[in-house]
Amino acid sequence: MNDVPLPYRGPLVSPGHGILARGAGRSVSRATFVEDVRACAHSLPDVAAAVLRPSERYRFMVELCAGLSRGLRVVVAGVAHGDGDREVTRLGGVLPVIGAADSGVDLAARQEVRRCVESGATVVKALDFSRGIAELFTSGSTGEPVGQLKSWANLAACASRYVAALPIPLGAGGTIVATVPPWHMYGLEISVLVPLLYDVALFDGQPTYPGDIREALASVPPPRILVTTPVQLRALVGTTRDTPEVALIVSAAAPLPRILASKAEQVLAAPLHEVYGFTEAGIVATRRPTQTEEWTLASGMRIGGAAPDWNLAAEDFPAPVAFPDLIEPQGRQGFRILGRSQEIVKIGGKRFSLSAIEAAFCEIPGVIDAAVLFDSAEEGREERPIALVVAPTCDVSTILDAVRQRLDPVCVPREVFLVPSLPRSGTSKLQRGELKVLLRDLREALS
Amino acid sequence: MTDKTALEIEIADMIVSVLALDVSPGAIDPDDFLFGAGLGLDSIDALELALEIDERYGVEIRAEDEENEHIFRSLRALAAHIGAKRTK
């Protein structure tokens, strides 16, 4: 009990002061946090690995740190947007679950910890920083989520990159209010790891609608850091209501249209910084879209490889990772994004492979062939998939009903067109360039 | 399908035009689910609708509102909520 190793550095070295979490009318000090972690760690089973259930941001942080401090490999379930329960069920079949209903921070354990802390008997063990300690799942481009093993060195480096790249006010009593879940890489890095390792608090909640975001911001003292996504930002600045003063806006998870970036900076009177990253690497680069299109690499990152297969290396990566988008390096520390890789699309902040969505259509009885494409949407709106389906015996509503059973709701196509055949090459490879022409013809025929 | 009120018709039009849905507003059953089965809307749509509802009717949608799940359940529930809370 007394020799629970803690993987922290930074402000937790002197945990006697500072607020770590705010929300729901209460503040949690770093000292209380350490007690909560120890109490939670005490309640964990003696196992090598466990699944971390999605939960409120502060509790998630406590349970994550408790698992890490017990030397467990913590499997962070919950791919994105709240479908974590399905992941917990899938993984929970083989691993114990941290944060199951009955293993919260119990008071008796907390009191026992308080006695230990007060008696000065605390021993903090050093961890092997390069060992894989947390496993995060990407959205999964094949339908099945893929685990990404992270070392503490890597997670801590991610947090340091955020702090180096963004003007996050530290040591000023500020709070990070995030509209994204803590179990998604972006949310984990900026709303859990940054507050854990640096002197800034987290907001213990996940407001999603504009009204909730405004209320959350109003509930914490300035400086406030708003961490969000383009879809939520668009809704927040689209209304004429007043939003509390914000010191910094951070957007990630999907490309942010420049026009929306300008509007957000104007309406919220704060600088907006955009983060580019992906689960395999964490934060990769940042930019201020109102000032430049070019992305600046985060500290310690190097672009390697050769066109078009560029990759990314850093000391804390076990091996270089490939870019999921097509990029063009600019100078030593910058790059431009030329476009998404042909196969991978991003919808609502999650990555999907086009062929996986197409495969879901082809599983439906009566569907012979299917192609999914994206059409340029209205400025500022997310692009939504459109399906062209060969299914002579089916109607569109039957196909949509069936595909809804198989796909995440955000990648269910908005429009489905029945076509006699799809443009495929001699090797049966889909001619994606010709699909847009086909779609235009179909739309013209309808209008 | 039961008859729709004037507000339900107006909101059905709004949903279809804001989300560019491929259905006729008249075909939306006021008691049908808006999300999942039924119209098949998702979380991105909910945000788009929240923005539009605030602009048109001055009603702020809240996720932390206990009633939120109920509000977006059906066209009828959404219209009832907007009707009760509208400021414009």
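Residues numbered from 1 in each chain as written. Chains lettered and ligands numbered in written order. Predicted model: local features only at pLDDT ≥ 70, side-chain atom pairs only at ≥ 80, totals over all residues.

Visitor: Tell me about the overall build of chain B, and name the residues and values.
Guide: Scanning chain B from N- to C-terminus turns up four helices and zero strands. Along the chain direction, N to C, the helices and strands of chain B fall in the order α-α-α-α. Among the 88 residues that make up chain B, the fraction classed as buried is 36%. Taking contacts inside chain B between residues at least 6 apart in sequence as the whole, the part at least 24 apart equals 64%. (Helix = DSSP H or I, 4+ residues; strand = E, 2+ residues; numbered from the N terminus. Buried ≥ 20, exposed ≤ 12 C-beta atoms within 10 Å, placed from the backbone. Contact = placed C-beta atoms within 7 Å.)

Visitor: With reference to specific residues and values, describe the overall build of chain A.
Guide: What chain A contains, in helices and strands, is 12 helices and 24 strands. Counting across all 447 residues of chain A, residues that qualify as buried make up 47%. Across chain A, the fraction of contacts at a sequence separation of at least 24, relative to all contacts at a separation of at least 6, is 62%.

Visitor: Explain the sheet that holds strand S17 (residues 321–322) of chain A residue by residue, including any values.
Guide: The pairing of strands in a sheet comes from backbone hydrogen bonds and takes either a parallel or an antiparallel form. Residues and elements named next belong to chain A. Reading across from one edge, S15-S16-S17 is the order of the three strands in this open sheet, with antiparallel pairing throughout. In this open sheet, the two strands that pair with only one neighbour each are strand S15 (302–306) and S17. With two bridges connecting them, strand S16 (residues 309–313) and S17 associate as antiparallel partners. Counterpart to Asn311 in the pairing with S17 is Ala322. (Pairing = 2+ DSSP bridges.)

Visitor: Can you explain the nonpolar core? Please cite residues and give values.
Guide: Grouped together as the largest cluster of nonpolar side chains are 122 residues, with contacts concentrated most on Val74(A), Ile176(A), Val177(A) and Val250(A). When neighbours within four sequence positions are excluded, Ile176(A) is seen to be in contact with Ile190(A), Ser191(A), Val194(A), Pro195(A), Val200(A), Leu202(A), Phe203(A), Ile225(A) and Val227(A). (Core = buried A, V, L, I, M, F, W, Y, C linked by C-beta atoms within 7 Å.)

Visitor: Tell me what's going on with the interface of chain A and chain B, and back it up with residues and numbers.
Guide: Many structure descriptions define interface size as the accessible area lost when the parts assemble. Between chain A and chain B, the residue contacts involve 20 residues of the former and 16 residues of the latter. Counting residues per element, the ones that place at least two in the side of chain A that touches chain B are helix H7 (210–218), helix H8 (230–238) and helix H11 (396–406) of chain A. Here the side of chain A that touches chain B takes four residues from H8(A), the largest share from any one element. Considering only residue class, the side of chain A that touches chain B consists of eight nonpolar, seven polar and five charged. (Nonpolar A, V, L, I, M, F, W, Y, C, P; charged D, E, K, R; others polar.)

Visitor: An account of the pairing of strand S8 (residues 175–178) of chain A is needed here, citing residue identities and associated values.
Guide: Residues and elements named next belong to chain A. On S8, burial covers both faces: Thr175 and Val177 on one face and Ile176 and Ala178 on the other are all buried. Bridging between S8 and strand S9 (residues 201–203) involves two bridges; their strand directions are parallel. Bridge pairing links Ile176 to Leu202 in S9. The β-α-β motif built from S8, the intervening helix H6 (residues 185–197) and the parallel element S9 has right-handed crossover chirality. (Right-handed = clockwise from strand over helix to strand, strands pointing away.)

Visitor: Please set out the sheet that holds strand S22 (residues 369–374) of chain A residue by residue, giving values where relevant.
Guide: Residues and elements named next belong to chain A. Ordered by their spatial adjacency, three strands build an open sheet running S22-S23-S24, and the pairing between neighbours is mixed. Strands with a single pairing partner mark the edges of an open sheet, and in this sheet they are S22 and strand S24 (415–418). Ignoring which end each strand starts from, the neighbouring axes of this sheet average 20° apart. The pairing of strand S23 (residues 385–390) with S24 spans four bridges and is classified as parallel. Following the sheet pairing, Val389 is matched in S24 by Leu418. (Axes fitted to C-alpha atoms, helices over the stretch in contact; angles between N-to-C directions.)

Visitor: Summarise unusual backbone geometry; cite the residues concerned and give the values.
Guide: All names here are of chain A. The amide bond that connects Pro222 to the next residue, Pro223, takes the cis arrangement and shows omega of 0°. Within the fold, Pro223 resides in the loop between H7 and strand S10 (224–228). Positive phi is not limited to glycine here, since Ala269 has a value of about 50°. Counting through the fold element by element, Ala269 comes out in the loop between helix H9 (258–268) and strand S12 (272–278). Assessed through the 11 C-beta atoms surrounding it within 10 Å, Ala269 is described here as exposed.

Visitor: With reference to specific residues and values, describe helix H4 (residues 75–85) of chain B.
Guide: By the burial criterion, the buried members of H4(B) are Leu75(B), Leu78(B), Ala79(B), His81(B) and Ile82(B). Down the axis of H4(B), the smallest arc covering the buried residues is 160°, so these residues share one side. (Arc of directions from axis to C-beta.)

Visitor: Quick one: what's the story with the confidence of the model for chain A, residue by residue and with numbers?
Guide: Residue and element names in this part refer to chain A. Considering every residue of chain A, the mean pLDDT works out to 79; 77% of them sit at 70 or more. Segment residues 1–16 is flagged for pLDDT under 50; beyond a separation of four residues in sequence, or across chains, it makes 38 contacts in the model. In the predicted structure, residues 100–127 sits below a pLDDT of 50 and forms 37 contacts with residues beyond four places in sequence or in another chain. (pLDDT = per-residue confidence, 0-100.)

Visitor: Describe the confidence of the model for chain B, naming the residues involved and giving the relevant values.
Guide: The predicted coordinates should not be examined in detail at positions where pLDDT is low. Residues and elements named next belong to chain B. Chain-level statistics for chain B give a pLDDT mean of 84 and a share of 89% at 70 or above. Ranking the elements of chain B by mean pLDDT puts helix H3 (residues 68–71) last, at 74, and H4 first, at 93. Our summary of model confidence lists the complex with pTM equal to 0.74 and ipTM equal to 0.71.

Visitor: Please set out the packing of helix H5 (residues 152–165) of chain A against H6(A) residue by residue, giving values where relevant.
Guide: Axes are the key here: two packed helices are described by the angle between their axes and the distance separating the axes. All names here are of chain A. At a minimum axis distance of 9 Å, the contact between H5 and H6 shows a crossing angle of 95°. In terms of orientation, H5 and H6 fall into the roughly perpendicular class. Note on element contacts: H6 touches H5 through Glu189, Ile190, Leu193, Val194 and Leu197, opposite Leu155, Ala156, Cys158, Ala159, Tyr162 and Val163. Residues belonging to the contact of H5 with H6 are distributed by class as follows: 10 nonpolar, no polar and one charged. (Parallel < 35°, antiparallel > 145°, perpendicular 65-115°, else oblique.)

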